[in-house]
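Overview (structure and organization)
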Amino acid sequence: MTDATTGRTTDPTPGPALSITDLHIGFRSRRGLSTAVRGVSFDIAPGETLALVGESGSGKSTTAAAVNRLLPDTAEISQGRIVVAGRDVAELPARELQALRGAGIGLVPQDPMTNLNPVMRVGEQIAEAFEVHDIASGSAAHDRAVELLAAVGIADPAERARQYPHEFSGGMRQRVLIAMGLACKPALLIADEPTSALDVTVQRRVLDLLDDLTAEMDTAVLLITHDLTLAAERADRVAVMQAGEIVEIGTAHDVMHQPQHDYTKRLLAAIPGTTATPRDLRDAPADAGPTALVEVRDLVKVYGGGRGSHALRGPAYAAVDGVSLTIPAGRTVSIVGESGSGKSTVANMLLGLVEPTSGTVLVDGKEVAGGRKALKAVRRRIQPVFQNPYASLDPRFTVGRSVAEPMVVHGIGSKESRRARVAELLEQVALPPDVADRHPHQLSGGQRQRVAIARALSLEPDLVVLDEAVSALDVLVQQQILELLARLQSELGLAYLFISHDLAVVRMISDEVHVMQSGKIVESGSPEALFTSPREDYTQELLSAIPKGA
């Protein structure tokens, strides 16, 4: 028997929590129907975790979206069945499908900014899940929302529940989505890149929480990820997708240590390891010297504590507290730390997007100050790639227009030369030329991030600020982008400020690393020194939390 509200089976010997059989999905366009998923079949038992791994655009997220019928209108399931807790999803009427979502099928989507209501308090959004499914209401729902915020590692959960999404870091917003997905303790949880925005310590806490839920509630988990090491460490079985097909499926140990398909072997070979060094990726530019391109001196950024009608409410706190660092020309300086440690705030002050409370930013020894004209000149030399490709690309613009926009703003080249430059940049970031005519919604998350990187490179800047620039990419594309960044640095003498929670990548690309905690730099040094003999307990904790695989 099956509960019509939750979709949970009450049979003492239940079948699979999720069963997908010979699934084919295509997308309609003016050119016809393009197939995105071809003949996908797998089962997930209650309490089991299956990880679906593959490149961006391989069909992972499309498969997941089909489970609770959240595919776009242009999508068409031409063949196959999807059965959740014994019920064929395609045959459910709208009311029963709505009841199944959330209570029977939990969802943790990839992008926090497009899945959180910007005008609704975070606690209210989590409590809404309890109220919609008649689990709790009023103050009881609010209290349970606060408990969930604490469970996913958010400090001061009662205070944070009263805040809005824009007051959270990217990683903290992702944790809110995880709390919402877990709110009703569903029988099946679809986690679509649930930790791509999280640092390794919070990632471990969140995944430990998912493991606990699986064990206690017999919850099945469909984990969508591009991180094969994480998948192998956390999943019972791993299914590898390529071009819409599952090319290999097996236990996590077998896929990691005895891969059968060439594509799986390529994925494994591309995984960065913490034993890598910067010289594994590139040689230092011959002309790279000690010349400081950018200096940051005693930067402080305090939020809250204001008295005016437009001031931020609540007690004052220092998001950045006395940070100083130097970025030499042609070198890579990285900042690592937990979400909310102040990494991105430092980057935004350097870019002139956030005004420091105190401290200075110098470029070529001159303080960045003055009016719009001076700031525009600096921004041509310092270009950003932000963490969230969904929010950083205008949905109305074609890819070609987005990549060309910085050149238009700065009056560089003719229309024809800009078009040629766009084609060159798309090729550099491993995108086909016809992508220039598409819009962001027609691209995968990884493809959108590559577009953002291409746009940042369009002005040939001296410094690129890369804020989690590869966190949304699968390992093969990540490798391509890192090699591209290394080649450009060697050829053009580019400097990078690399903000990341991926310590393995940081070790590969960095000349110097700064570890941030609670707004302060707590340890600095070469990648070799920090990874082989870290002094601070916090740095040791970050290193110990890196997924090791099956």
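None of the values given here were measured: they were computed from a predicted structure.

1. With respect to the packing of aromatic side chains
Evaluation of the coordinates by the stated rule reveals 1 aromatic pair. Summarising the aromatic geometry, the rings of Tyr303 and Tyr317 are spaced 6.0 Å apart at their centres and angled 35° between planes, so their arrangement reads as tilted. Taken together, the residues span a long stretch of sequence, with Tyr303 in strand 11 (residues 292-303) and Tyr317 in strand 12 (residues 317-328) at a distance of 14 residues. By relative accessible area, which is 40% here, Tyr317 ends up partly exposed. The ring of Phe168 has Arg160 sitting right over it, with the charged end atom 5.1 Å from the ring centre. Directly above the ring of Phe397 sits Arg401, whose terminal nitrogen or CZ lies 3.6 Å from the centroid.

2. Considerations on the sheet that holds strand 17 (residues 463-467)
Pairing is mixed in the open sheet, where 6 strands are placed in the order 16-17-18-13-19-20. Only two strands of the sheet have a single partner each, and these edge strands are strand 16 (382-385) and strand 20 (520-525). Strand-to-strand, the axes of this sheet are offset by a mean angle of 20°, without reference to chain direction. Here 5 bridges tie strand 19 (residues 512-517) to strand 20, and the two strands are oriented antiparallel to one another. Bridge pairing in strand 20 places Val515 opposite Glu523. Along the sheet, helix 18 (residues 475-492) contacts strand 13 (332-337), strand 17 and strand 18 (495-500); its crossing angle with strand 18, the most-contacted strand, is approximately 155°. Docked against the sheet, helix 21 (residues 537-544) engages strand 13, strand 19 and strand 20, running at close to 105° with respect to strand 19.

3. Digging into the nonpolar core
Residues Ile126, Val176, Val238 and Leu267 are the most contacted members of the largest nonpolar core, which totals 52 residues. Take this core: its biggest share by element is 6 residues, from helix 6 (residues 170-182). Contacts of Leu267, omitting those with residues within four sequence positions, involve Val53, Leu228, Val240, Val475 and Leu476. Counting residues in hydrophobic clusters, the runner-up holds 50 residues, among them Met407, Leu431, Leu459 and Val506.

4. A word on unusual backbone geometry
Even without glycine at this site, Ala243 takes up a positive phi of about 50°. On the secondary structure map, Ala243 appears in the loop between strand 9 (237-242) and strand 10 (245-251). Unlike most non-glycine residues, Asp364 shows phi in positive territory, near 55°. Structurally, the position occupied by Asp364 is in the loop between strand 14 (358-363) and strand 15 (366-367). According to the relative accessible area criterion, Asp364 is partly exposed, its value standing at 41%.

5. Focus: the packing of helix 10 (residues 262-270) against helix 18
It is at 8 Å that the axes of helix 10 and helix 18 come closest, and there the two elements cross at 45°. Taken together, helix 10 and helix 18 sit at an angle that is classed as oblique. Remark: the crossing between helix 10 and helix 18 carries left-handed chirality. Across the interface between the two elements, Tyr263, Arg266, Leu267 and Ala270 of helix 10 pack against Val475, Leu476 and Gln479 of helix 18. Tallied by class, the residues present in the contact of helix 10 with helix 18 amount to 5 nonpolar, 1 polar and 1 charged.

6. Some words on the sheet that holds strand 5 (residues 87-88)
Strands sit in the order 2-1-4-5 across an open sheet of 4 strands; the sheet is antiparallel. Bordering the open sheet on either side are strand 2 (32-44) and strand 5, each of which pairs with just one other strand. Where strand 1 (residues 18-29) meets strand 2, 9 bridges bridge the pair, whose relative direction is antiparallel. Bridged to Arg28 within strand 2 is Leu33. In this fold helix 1 (residues 60-67) packs onto strand 1, strand 2 and strand 4 (75-84), with an angle of close to 110° to the strand it touches most, strand 1.

Conventions adopted
Residues numbered from 1 in each chain as written. Predicted model: local features only at pLDDT ≥ 70, side-chain atom pairs only at ≥ 80, totals over all residues. Heavy atoms only, no water. Phe/Tyr/Trp six-rings, centres within 6.5 Å; stacked < 30°, edge-to-face > 60°. Helix = DSSP H or I, 4+ residues; strand = E, 2+ residues; numbered from the N terminus. Buried < 20%, exposed > 50% of the residue type's maximum accessible area, 1.4 Å probe, protein only. Lys NZ or Arg CZ within 6 Å of the ring centre and 35° of its normal. Pairing = 2+ DSSP bridges. Axes fitted to C-alpha atoms, helices over the stretch in contact; angles between N-to-C directions. Contact = heavy atoms within 4.5 Å. Core = buried A, V, L, I, M, F, W, Y, C linked by side-chain atoms within 4.5 Å. Parallel < 35°, antiparallel > 145°, perpendicular 65-115°, else oblique. Left-handed = near helix turned anticlockwise from the far one by under 90°. Nonpolar A, V, L, I, M, F, W, Y, C, P; charged D, E, K, R; others polar.

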